[in-house]
Each structure stands twice: as C-alpha cells, then as structure tokens.
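# Coordinate inspection notes
Now for the letters of each chain:
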Amino acid sequence: MKKVAIFGVGLIGGSIALCLKGQPDVTVVGYSNRESSAKKYVQRGVVDYATTSVEEAALDADFIFLCVPVGLMDDYISQLCRLPLKQGCIVTDVGSTKASVMASAKAFAGTSAVFIGGHPMAGSERSGVEAASGRLLENAFYVLTADADTPAQAIADLEQLLSYTRAHIVKVDARQHDTIVGAISHLPHIIAVALVNQVRQYNESNGLYELLAAGGFRDLTRIASGDPPLWRDILLDNKEVLLKLITDWQISIDQFRVMLENNDGEAIMRAFQEAGAFRGKMPERRKGILHAVYDCYVDVPDHPGIVGSIASELGKANINISNIQIIESREQIPGVLKLSFRTQEQLDEAIELLGKNGYHVEL
Ligand SMILES: NC(=O)C1=CN([C@@H]2O[C@H](COP(=O)(O)OP(=O)(O)OC[C@H]3O[C@@H](n4cnc5c(N)ncnc54)[C@H](O)[C@@H]3O)[C@@H](O)[C@H]2O)C=CC1
Ligand SMILES: O=C(O)C(=O)Cc1ccc(O)cc1
C-alpha cells in the first residue's frame, strides 16, 4: 500500500486526490491548516482521511504533493525537510512556477527524500475542493522538473503514480518552463484582467458596455475570474519573466497603433493571417493550459419545456451535455441557451443534430 499525502486539497490537489483515491494500492491523506477544511475533504469523499498535523500527514508517506498557493511552497518545503520522512519519499508540487520551488527544494539534499517539481498544465478559473474533478487532468500535459542528480527510479515512480491522472508527462527545465508558461498563461491572465478592468471603467458611465459584452468578450476573458491571492503569488513569483513579456506586449500593441494611424490595411491583414496560421497549427483536441471550451449557443423560442426537449433530443443521440446555461432573454432578444460539451466531437455532433432539427446554432 502506498501512502500519498496531499497538502492543500483544492482544485488541483482535490483533482489529483480523486484520481488516486480508490486505486487498489493507494491511501490518500489530505492535510489542511484548518480543521473545517480537513473535515470537508473527508465529507466530500476526496481523501481517505485528513489531518491538520504536518507530521501526521508526512509520516511514512511514499509521496507528498504540495498543492498550496505558490507563495506557501517554500514554507512547507522548509517544514518537510526537517521531518524524518520515509527513506525514498518523493515530494512533489503542482505550483504554476517552477524556478523558485526548485531553488527552495535544494533543502532536501542530504535528506531521506527526493524532490521533483511538477505542474499539471490544466485547471480553471474556479478554486477550492468543490471545483475538483477526477477528469480535470485527463489528456493534459503535466510538466515535471528534476535536477540532473535526481534518481531516474524516483522519476519513474512518480510517473507511474501520475498515470492515474491520465495526463501526459513532459520533462522541462524549470527556467524554460517559467519563460514559456509566462507567455502562454501568466501574460494572458494579466491581459484578460487589464481588458476587463478597462471595460469596467467605461461601464461606470455607460451600462451598455456590460450589456453588449455578454458574448465573445465574456468567453475571451474567462480567466480574469481566477482566484486573486493565487494569481498574486504566481505573478510576483514570475516577475522577471513577466516584466520582459509585458515590454514585448507593449511593442506588439504599439505596432497596431501605428498600423491604424497609417491606415495600413495590408499590415493589419498580415497580422491576422500570421496569427491565424500559427493558431491553426495548434493541437485542438488535447487540453492546453488555457483549456478548450466546447460551447455553442442555441437561439430558443420562449416556450415552456424547450430546454428539456433540446436536452432529450441530444440525449437520445448519445450526446452528453456537460453544462447547460440559460442566458437571460432580454426585451426583443430571443432566449439563448449555452450548451457545453466535453469534446470537440460531441460539440460537432450536437451542432449537426440541432441544425437538422431547425435550431439556429452559433459558436
Ligand atoms: N488554478 C489552476 O487552474 C491551477 C493551479 N495550479 C497551482 O496549483 C496550486 C493550487 O492551486 P488551486 O488548486 O487552483 O488552488 P485552490 O485554492 O483551489 O487550492 C489551494 C488549497 O490550499 C489550501 N491552503 C491555503 N492556504 C493554506 C495553508 N496555509 N496551509 C495549508 N493549506 C492551505 C486551501 O485550503 C486549498 O485547499 C497553486 O500553486 C497553483 O499555482 C496549477 C495548475 C492549474
Ligand atoms: O482556466 C484556465 O484555462 C487556466 O489557464 C488554468 C490554469 C491556471 C494556472 C495554471 O498554472 C495552469 C492552468
């Protein structure tokens, strides 16, 4: 039996726990610094048992996952490396930045434990154990960062355990990870927040901004709803990378300003063509860091039972809806139903079926 201790059973820790709990050879213990959270982990059935004692959680653990916000990693690493951990215990983390945690983890040198950095490249703007799902990491990339002297057997053992998440392991150098993830995740979060706040300020003097921003703008800026303390920690920890990326971003935006000032339609088209061609090459069907959302919008006449009837038409065709949202119908605007699916295939099938049945569907 392998004992796996999860420190911080929130969105990511809870999702990993759900993949491991119930496996024939695994016991999962959750650690929280708060009694009420520890109780909740057990009540929700995410862990086998929970404790508020670092020592009890770590005692005899074969694997320890640090799933707390980035700003707390160093503190937990210092606490753990002072404990008599089991010989060969593998300590890992799930933090969104890797260089600082790898630096802190040097403290494990000469102890009975081995540290391997980790970052599952999937998640959402939600947080807490309530948002955890055993399918969150399925098909996502899962980065591991290890030092040159990390025993190959320890990496293999961690990979073996992580196979329960059905994520795809990739090994990346910690600094390179922070540079790349800075560009594809951290900078986009900054831009999304800045964009929403720009519109929020315009909206203070004209509420039409909020009303008209309901569609694409809302989807484009979904990640602006991330947990504020979590993102404070990530951005401050990756500050050096982000300062450089923000400078590059300012150059890109400035190029657009110049194109507009010069009425340079050719350059605008070229920018769209280059972006479209690069984006078109990106893999669509594997979860990326900003995970794909397979949504469509269906215009619905305002009559009772319409939602049930659409759901049952799809159900009969074995197309599973993962979420239905009725978007408030406003005066003179037909009702709109937002349907979400888990895969591109299911979305495509739903669009085809609903189209055949006379519904107007948009992406
Ligand atoms: N949100 C996301 O989509 C992703 C987040 N990550 C990383 O995963 C880690 C956890 O993030 P989430 O699961 O999203 O956050 P979360 O807020 O859902 O979970 C964090 C957990 O840590 C616990 N916690 C907070 N302070 C604590 C303390 N002082 N001692 C012990 N436990 C404490 C919370 O109670 C909660 O259970 C972070 O390092 C984040 O950068 C990695 C990939 C994706
Ligand atoms: O919601 C999304 O699409 C995300 O981008 C979630 C996310 C947040 C932090 C990470 O380190 C990785 C993924």
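Residues numbered from 1 in each chain as written. Chains lettered and ligands numbered in written order. Predicted model: local features only at pLDDT ≥ 70, side-chain atom pairs only at ≥ 80, totals over all residues.

Our next topic: the nonpolar core. The biggest cluster of nonpolar side chains holds 68 residues, and the ones touching the most others in it are Ala5, Ile6, Phe7, Ile64, Phe65 and Cys67. For this core, the element with the most residues is helix α1 (residues 11-20), which contributes seven residues. Domain assignment of the residues forming this core places at least three in each of domain 1 (2-172) and domain 2 (177-281). Filtering out sequence-adjacent residues up to four positions away, Phe7 remains in contact with Tyr31, Ala57, Ile64, Phe65, Leu66, Cys67, Val68 and Tyr76. (Core = buried A, V, L, I, M, F, W, Y, C linked by C-beta atoms within 7 Å. Buried ≥ 20, exposed ≤ 12 C-beta atoms within 10 Å, placed from the backbone. Helix = DSSP H or I, 4+ residues; strand = E, 2+ residues; numbered from the N terminus. Domains from an automatic or database assignment. Contact = placed C-beta atoms within 7 Å.)

Now for the site of ligand 1. Around ligand 1 there are 28 residues in total, and Gly8, Gly10, Ser96, Gly123 and Ser127 lie nearest to it. Breaking the shell around ligand 1 down by element, the ones donating at least two residues are α1, β6 (114-120) and α10 (228-237). Counting residues per element, the shell around ligand 1 draws most heavily on α1, at three residues. Partitioned by chemical class, the residues of the shell around ligand 1 number 14 nonpolar, 13 polar and one charged. A domain split of the shell around ligand 1 shows at least three residues from each of domain 1 (2-172) and domain 2 (177-281). (Near = placed C-beta within 6 Å. Nonpolar A, V, L, I, M, F, W, Y, C, P; charged D, E, K, R; others polar.)

A few words on the sheet that holds strand β8 (residues 168-171). Taken in spatial order, the eight strands line up as β3-β2-β1-β4-β5-β6-β7-β8 in an open sheet, and their pairing is mixed. The outermost strands of the open sheet, each flanked by one partner alone, are β3 (49-51) and β8. Averaged over all neighbouring strand pairs, the angle between strand axes comes to 25°, with direction disregarded. Pairing analysis gives three bridges linking strand β2 (residues 26-31) to β3, with the strands arranged parallel. Note on β3: the bridge partner recorded for Tyr31 is Thr51. (Pairing = 2+ DSSP bridges. Axes fitted to C-alpha atoms, helices over the stretch in contact; angles between N-to-C directions.)

This part takes up the environment of Ser78. Relative to the assigned elements, Ser78 resides in helix α4 (residues 73-81). Its 11 C-beta neighbours within 10 Å are what place Ser78 among the exposed residues.

With that out of the way, let us pick up the domain arrangement of the protein. In terms of domain boundaries, the protein breaks down into domain 1 (2-172), domain 2 (177-281) and domain 3 (294-362). One C-alpha centre belongs to domain 2, the other to domain 3; they are set 30 Å apart.

Bridge count between strand β1 (residues 2-7) and β2: six bridges; the pairing is parallel. Residue pairing for β2: Lys2 is matched across the bridge by Val26. Considered for its hand, the β-α-β crossover made up of β1, α1 and β2 is right-handed. With helix α2 (residues 35-43) bridging β2 and its parallel neighbour β3, the resulting β-α-β unit is right-handed. (Right-handed = clockwise from strand over helix to strand, strands pointing away.)

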